[in-house]
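# Geometric and topological summary
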Amino acid sequence: MASRNQQLSFRETSFLPYTNCNTRIIDLKQFDLLEHSSENEYRTRYLEIIKSSTPNSQLLQSAVQSLVTGIAPPVAFPTETVYGLGADATNAPAISGIFAAKGRPSDNPLIVHVASREHLERLTGEAIPEIYHDLVREHWPGPLTILVPVPKNSPFAKNVHPGQNTIGFRVPLSRYARFLISAADRPIAGPSANSSGKPSPTTAQHVKEDMSGKINFILDGGSCDVGVESTVVDGLHDPPLILRPGGLSRQSLIEHGKSFGNAWQHVAIGYKQHEGSIPTSGRDTPSGEWHLNGNLEYDAPRAPGMKYKHYAPQGRLILVEKTDSRPEALIREFFQATSPKLNGSSSVEEISQIIPKVAILATTYWSTTEGFEYDELANGSANLNSLQVRTTKLQIHGHGELQVYVIALGQISSDVARNLFSALRTCDVLSCNYIFAEAPQRIEKDGNEGRDWEAVMERMRKAASEIVSM
Ligand code: TXA
Ligand code: MG
């Protein structure tokens, strides 16, 4: 048995992040992967690739080997929701590397990515609980994470599920993620690949911003299709609960329940719904009271990650849930009411240092606003973070000229979901002090009833310093 000293030193060193890694991005799109292959087919394809002279095939092999051996830092990989930071879910020291690289609180459990339901049952030696049978048949692969009791002879490292008697599993839809799981032939524990407190990454470049020097490999599968994380559900509770809203909507779960005649038609909300303003300070500190929709009260959130304030940009985000307001009028009103007058400032330089930079994140109405002049020709437009950013100036009486950046996130919630995290990162890159974000309307389109809407609203409210709703 290890001595007390040995145990202590292991614990200390295993939580130190790597600091001098040579971080490389490997483009997976060059490997011609098919969308719907079986585990064996992906594994065969992987063996073909590493024997070939395809550029980067050796780097790919190194990335997969570092997952398999578990003695290197975690590997970032694409999924359809957001990028993950992966390590072998059966290897405790490798899992510690994830917590270290992210600066993640050690009480926050990780989601384990598997290739299929069969893969999961092979690993646990047990069938998944019956409540999930039809659900995963319909929604896996996809943005759905289910909580399963920790199996009797669990092969999973304990630090994957700190303080929990359940483990969250999902089968990602992304071909790149399932290829990686099959190539490594391992269950891959993977939280979102951002530094704790930052928006989840939806491109390989975002991962690089946060993880440069801390990991060796970022596998690049392009921009994520969904853009918000998976929906985490607890089917072991009666009624079943949504612990985190995400890419699979509550409406889809209810519809599933109705068409299969099962308990999902009664699925309840098991996360805190923000109604008012949330302080911007205290990232990664527990925020707010916790309650289950209805009468039940919980002392602690059921998904530990939900108690942390996430996704906050550096500037002050004002979320506008008022449908009749125009950004221009709102900005004028806001600055005239709250900002110090700049009239008395002496030089142009002084004023330009004081004048804040403002971002407008436009969704349903603002992206078609007539009252607001973007004036692209006079001021310009650039592509940042694969988002179109228009720049303009706004003259505020007695305050000078504000620098304004306008980013259209899209009119419907699934477009907003895809662009939101990237836009929040862009606001930081542009050093915006104020961000006026329009909450999207729950619009129905192509029979897609406000898909992702609750997830988008939850992310926006979490990022907000204040909410304008009257
Ligand atoms: O879409 C996703 O889910 C992404 C991609 C990479 O798959 N992953 C992700 O992981 O968002 P992470 O670690 O950032 O968020 C996991 C969430 C946290 O809120 C965590 O507390 C919760 O799921 N969770 C994980 N296991 C749990 C468990 N056993 N019981 C309760 N909550 C759990
Ligand atoms: Mg996360």
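Attention here is on the structure that accompanies the text. Only a predicted model underlies this, so the values are computations on that prediction, with no experimental measurement involved.

Parameters and conventions
- Residues numbered from 1 in each chain as written.
- Chains lettered and ligands numbered in written order.
- Predicted model: local features only at pLDDT ≥ 70, side-chain atom pairs only at ≥ 80, totals over all residues.
- Heavy atoms only, no water.
- Helix = DSSP H or I, 4+ residues; strand = E, 2+ residues; numbered from the N terminus.
- Buried < 20%, exposed > 50% of the residue type's maximum accessible area, 1.4 Å probe, protein only.
- Contact = heavy atoms within 4.5 Å.
- Areas by Shrake-Rupley, 256 points an atom, 1.4 Å probe, with all protein chains shown as cover.
- Near = heavy atom within 4 Å.
- Polar contact = N/O pair within 3.5 Å; in protein donor to acceptor, adjacent residues only side chain to side chain.
- Pairing = 2+ DSSP bridges.
- Axes fitted to C-alpha atoms, helices over the stretch in contact; angles between N-to-C directions.
- Core = buried A, V, L, I, M, F, W, Y, C linked by side-chain atoms within 4.5 Å.
- Salt bridge = Lys/Arg side-chain N within 4 Å of Asp/Glu carboxyl O.
- Parallel < 35°, antiparallel > 145°, perpendicular 65-115°, else oblique.
- Left-handed = near helix turned anticlockwise from the far one by under 90°.
- Nonpolar A, V, L, I, M, F, W, Y, C, P; charged D, E, K, R; others polar.

A tally of regular secondary structure across the chain gives 14 helices and 20 strands. The 470 residues of the chain split such that 55% are buried. Put simply, 71% of the contacts in the chain that link residues at least 6 apart link residues at least 24 apart. Carbon and sulfur atoms make up 48% of the accessible area of the chain, which totals about 20500 Å².

Moving on, we come to the site of ligand 1. Around ligand 1 sit 28 residues in total, of which Thr81, Asn108, His113, Ser230 and Gly305 are the nearest. Between ligand 1 and arginine 104, the relevant distance is 2.8 Å, taken from an oxygen atom to a side-chain nitrogen or oxygen of the residue. Within the side chain of serine 192, a nitrogen or oxygen atom sits 3.0 Å from an oxygen atom of ligand 1. The fraction of the free accessible surface of ligand 1 (680 Å²) that becomes covered by protein chains is 98%. Those elements that place two or more of their residues in the shell around ligand 1 are strand 4 (111–113) and strand 6 (166–170). It is strand 6 that contributes the most residues to the shell around ligand 1, four residues altogether.

We now examine the pairing of strand 13 (residues 357–362). Of all six residues in strand 13, five are buried, a share of seventy percent or more. Relative to strand 17 (residues 434–438), strand 13 runs parallel, the two sharing four bridges. Residue pairing for strand 17: alanine 359 is matched across the bridge by isoleucine 435.

To continue, consider the sheet that holds strand 17. The strand order across the open sheet built from seven strands is 14-15-16-13-17-12-20, with neighbouring strands paired in mixed fashion. With one partner strand each, in any of the chains shown, strand 14 (381–384) and strand 20 (466–468) form the two edges of the open sheet. Strand-to-strand twist in this sheet, taken as the mean axis angle between neighbours without regard to direction, amounts to 25 degrees. Here strand 15 (residues 387–396) runs beside strand 16 (residues 400–408); their pairing, made up of eight bridges, is antiparallel. From the neighbouring strand, isoleucine 396 faces strand 16, where its bridge partner is glycine 400. Here helix 13 (residues 413–429) sits on the sheet and contacts strand 12 (316–320), strand 13, strand 14, strand 15, strand 16 and strand 17; the angle it forms with strand 15, its principal contact strand, is near 50 degrees. Packing against the sheet, helix 14 (residues 453–463) makes contact with strand 12, strand 17 and strand 20, and its axis sits at approximately 140 degrees to strand 12.

Right, let's get into the nonpolar core. Residues Ile95, Val112, Tyr132, Ile146, Val160, Phe169 and Val233 are the most contacted members of the largest nonpolar core, which totals 53 residues. Here this core gets five residues from one element, more than from any other, and that element is helix 4 (residues 92–102). The contacts of valine 112, once residues within four sequence positions are left out, are Ala89, Phe156, Val160, Ile167, Gly168, Phe169, Arg170, Pro187, Ile188 and Ala189. Core analysis: the second largest hydrophobic core is formed by 33 residues, Val416, Leu424, Ala437 and Trp453 among them.

Moving on to the pattern of salt bridges. Throughout the structure, instances matching the rule amount to 21 salt bridges. Between glutamate 35 and arginine 175 there is a salt bridge; the shortest N-O distance is 3.3 Å. Linking glutamate 35 in the loop between strand 1 (24–27) and helix 2 (39–51) with arginine 175 in helix 7 (residues 175–184), this pair joins segments that are 140 residues apart in sequence. For glutamate 35, a relative accessible area of 39% translates into the label partly exposed. Salt bridges linked by common partners bring Lys198, Glu209, Asp210 and Arg425 together as one network.

What follows deals with the packing of helix 2 against helix 3 (residues 57–69). Axis separation between helix 2 and helix 3 bottoms out at 8 Å; the angle between their running directions is 130 degrees. Between helix 2 and helix 3, the angle is such that the two are oblique. Viewed along their axes, helix 2 and helix 3 form a crossing whose handedness is left-handed. Together, Tyr46, Ile49 and Ile50 of helix 2 and Ser57, Gln58, Leu60, Gln61 and Val64 of helix 3 make up the contact between the two elements. When its residues are assigned to classes, the contact of helix 2 with helix 3 shows five nonpolar, three polar and no charged.

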